[in-house]
Amino acid sequence: MREGGNVLRSVLKAASVSVLLASFMAGPGCGAGSPAEPVIGVAMAHFDDNWLTILRTAMADHASTLPGVALQFADAQGDVARQLSQIQNFVAQDAAAIIVNAADTTATPSMTKIAQEAGVPLVYVNRRPAETTLPKGVVFVGSDDLEAGTLEMEELARLMNHRGTVAVMVGELASNGAQLRTKAVEDIVAKYPGMKIVEKQVANFQRERGLDLMNNWLTAGAEIDAVAANNDEMAIGAIMAIQQAGIPAGKVLVGGVDATPDALAEVARGTLAVTVFQDARGQARGAVDAAVKLSRGEAVDSFVWIPFELVTRENYKAFLDR
Amino acid sequence: MLVGIVVLFELLGWSVRGTSFLFNGQRLLVMVLQVSIIGLLAIGVTQVILTGGIDLSSGSVVALSAMVAASLAQTAGPRAVFPSLVDLPVVIPVAAGLATGALAGWVNGNLIALTRIPPFIATLGMMVSARGLARYYTRGQPVSMLSETYTRIGEGALPVVMFVIAAAVFHVLLRYTRYGKYTYAIGANAQAARISGIHVTRHLVLVYTVAGLLSGLGGVMTSARAASGQAGMGMSYELDAIAAAVIGGTSLSGGIGRITGTVIGTVILGVMTSGFTFIGFDAYIQDIVKGVVIVLAVVIDRYRHREVHA
């Protein structure tokens, strides 16, 4: 009994300290740039997501080519509450503009409100905000995820001669990208009477989860002609499971989205039938340029669309160094 | 509990798929395969919990070890992290991964034993820092193009074999050796253990180092299996590992628990994942049910314990 009390007490103590720690971690980190020079704050949803890392690096690279533009990055680690306080911190330190890669796109109205009240220009990048219209001084730079799912599934359907069964690997349920890409895949499959979605499960955009999910489907005896994954990492997991099960290459078509270097290598090997190039550098350039323009009082369109591009065996080489 | 869940899925399986859930060797393998890395962590955290502690860092240590090991397992090419350290013999990345894990565990153990801060805090700090280090290591870039000899470690049933071997080794160590006797004694009453001549500090450091080593092994297996090292690997594995230990009857106040129980707890987690997929359960509801099952399993276990003692 006494020990139980001790455990409870230490858990309570631990909880209070972790709150304290969390409030420290919420800070955007100091030391980047001198306080006199105005910075553009960049609030990222994740530092360790592969594609977002390309985006983040591309923003830093592009900013370094522009005189008088300094970026300061913050990592929300997927936590929207942490991201909100990071945005407030950027406002408090008089950022010239703020670029947000939203940790949760349903929370964007409160982010817009913080920036608008402080009069700081705001640029959403990659993840589309929940609002249908954006006020002056707030813009979105990104790609339309419905387009990604449509390109992916149309190409898979064409390779299947518009007949057969499809399994869908869904990313994080709360993410807009997963929802819209999945919806597009479902809409395309519904268009063709000879095609049917037989499985649909979540693998959180992760390779290992995709591998486990495909293993489970294969052992459940599901008849799958094509796997449409919301991203490349899950698609690569599916490919690994297919290979390890000894199924001949090409029997099950696999499609992904992102055109990461690993995915392009799979396309070259002929194991990944299709992926969709999301232009990280295009989005990064667009976002930084928009933030700079807004901070100088210039006008920018509310929605800046960067197109997706279909990647197949025929054209993958063109994407190797993009 | 395990039997109940399996029977439930078996019945649902027949009504949904028209085939048996259980009587399929390949599926039984997959069920354990997908949780075998969590199982390795669970074996480690069980021992830590037995001493009356907790380890929140295991998932992050998986990521850090995976990054370190993967970076030394690359083949020559433009994407090598260390262009001069490619195509190394496979023992080097494996040893580096294990050493990284053991080192993290050793730091945990020393923090707890020497500064006497609660294990919750020490390992919370390690959880945050190890994840940060994993990201810092390559600035978030994934490490791929790993050699085939390395990825072979994670292929097929090998993660399961590792899990079973680790379970067997620590089952024996805990039950039949001084290592186990000390572990249980410290968890039951650290003061009494000290008085009866057990070097508590040294033993705690050893137990946390063992847990770290198992996380390091988990990191090696994960990166080999995915043929890639990524800083986001092992995310929230520590909670699944603790859940597996607790479902398996390990008491969070220390001193009570068994590796065999933890193995069953781990398998329950795997059975649930496979079962949900098998019957095509709505993805939005799976986690809700999983949480309920975890709590329910512990409630039933406690209830049965009380019956026995009464």
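For clarity, every value in this text was computed on a predicted model and none was experimentally measured. (Residues numbered from 1 in each chain as written. Chains lettered and ligands numbered in written order. Predicted model: local features only at pLDDT ≥ 70, side-chain atom pairs only at ≥ 80, totals over all residues. Heavy atoms only, no water.)

Participant: Looking at this structure, I do not really get a nonpolar patch on the surface. What am I missing?
Facilitator: Together, Met 1, Tyr 284, Ile 285, Ile 288, Val 292, Leu 296 and Ile 300 of chain B make up an exposed nonpolar region whose accessible area comes to about 640 Å². One can find Tyr 284 of chain B in helix α14 (residues 283-309). (Patch = residues over 30% accessible without salt bridge, like charges linked within 9 Å, V, L, I, M, F, W, Y side chains within 5 Å. Areas by Shrake-Rupley, 256 points an atom, 1.4 Å probe, with all protein chains shown as cover. Salt bridge = Lys/Arg side-chain N within 4 Å of Asp/Glu carboxyl O. Helix = DSSP H or I, 4+ residues; strand = E, 2+ residues; numbered from the N terminus.)

Participant: It is not clear to me how the packing of aromatic side chains should be interpreted in this structure. Could you clarify?
Facilitator: The description of two aromatic rings rests on the distance between their centres and on the angle between their planes. Taken as a whole and assessed by the stated rule, the structure comprises seven aromatic pairs over all chains. Residues Phe 276 of chain B and Phe 281 of chain B carry aromatic rings whose centres are separated by 5.1 Å and whose planes lie at 10 degrees to one another, so their mutual orientation is stacked. When its relative accessible area of 26% is taken as the criterion, Phe 281 of chain B is described as partly exposed. Within the aromatic cluster, the residues linked to one another by ring pairs are Phe 140, Phe 303 and Trp 305 of chain A. Sitting over the ring of Phe 47 of chain A, Arg 56 of chain A keeps its end group 4.4 Å from the ring centre. (Phe/Tyr/Trp six-rings, centres within 6.5 Å; stacked < 30°, edge-to-face > 60°. Buried < 20%, exposed > 50% of the residue type's maximum accessible area, 1.4 Å probe, protein only. Lys NZ or Arg CZ within 6 Å of the ring centre and 35° of its normal.)

Participant: Please explain the interface of chain A and chain B as it appears in this structure.
Facilitator: Much of the literature gives interface size as the accessible area that the parts lose upon coming together. Chain A puts 38 residues into the contact, and the matching count from chain B is 47 residues. Surface buried jointly by chain A and chain B totals about 3,200 Å² across both partners, of which 54% is contributed by carbon and sulfur atoms. By the criterion of area lost to chain B, the three top residues of chain A are Asp 48, Glu 208 and Thr 219 of chain A, representing 19% of everything that side buries. For the pair chain A and chain B, the interface holds four salt bridges. For Asp 262 of chain A, the salt bridge goes to Arg 79 of chain B, with nearest N and O atoms at 2.9 Å. On the surface where chain A and chain B come into contact, there are 11 residue pairs in polar contact (both at pLDDT 80 or more). Elements with a contribution of two residues or more to the side of chain A that touches chain B: α1 (2-25), α2 (50-64), β7 (195-202), α7 (207-219), α8 (232-244) and α9 (261-269) of chain A. Ranked by the residues each element gives to the side of chain A that touches chain B, the list is headed by α7 of chain A, at nine residues. Taken together, the residues of the side of chain A that touches chain B break down into 16 nonpolar, 12 polar and 10 charged. (Contact = heavy atoms within 4.5 Å. Buried area = accessible area lost by both parts, 1.4 Å probe. Polar contact = N/O pair within 3.5 Å; in protein donor to acceptor, adjacent residues only side chain to side chain. Nonpolar A, V, L, I, M, F, W, Y, C, P; charged D, E, K, R; others polar.)

Participant: Sorry if this is basic, but what is going on with the sheet that holds strand β8 (residues 226-229) of chain A here?
Facilitator: Strand pairing within a sheet occurs via backbone hydrogen bonds; the two strands may be parallel or antiparallel. All names here are of chain A. Read from one edge of the open sheet, four strands run β7-β6-β8-β9, paired in parallel fashion. With one partner strand each, in any of the chains shown, β7 and β9 (253-255) form the two edges of the open sheet. For this sheet the average axis-to-axis angle between neighbouring strands, irrespective of direction, equals 20 degrees. As defined by bridge partners, strand β6 (residues 164-170) adjoins β7 across seven bridges and the pair is classed as parallel. Each bridged residue has a counterpart across the sheet, and for Val 170 the counterpart in β7 is Val 202. Along the sheet, helix α6 (residues 176-191) contacts β6, β7 and β8; its crossing angle with β7, the most-contacted strand, is approximately 160 degrees. (Pairing = 2+ DSSP bridges. Axes fitted to C-alpha atoms, helices over the stretch in contact; angles between N-to-C directions.)

Participant: Just checking my understanding: could you explain the environment of Leu 114 of chain B for this structure?
Facilitator: Residue and element names in this part refer to chain B. Tracing the backbone through its elements, the reader meets Leu 114 in helix α5 (residues 91-115). Residue class for Leu 114 comes out exposed when judged on its relative accessible area of 59%. Sequence separation of Leu 114 and Arg 202 is 88 residues, and the distance between their C-alpha atoms is 9.9 Å.

Participant: Sorry, what's going on with the confidence of the model for chain A here?
Facilitator: Residues and elements named next belong to chain A. When the pLDDT values of chain A are averaged, the result is 87; 89% of them are 70 or greater. Per-element confidence in chain A is highest for β8, whose mean pLDDT is 98, and lowest for α1, whose mean pLDDT is 48. A low-confidence stretch, residues 1-5 (pLDDT under 50), is modelled with three contacts involving residues beyond four sequence positions or located in other chains. Low pLDDT, under 50, characterises residues 18-36; the predicted model gives this stretch 17 contacts beyond four residues in sequence or across chains. (pLDDT = per-residue confidence, 0-100.)

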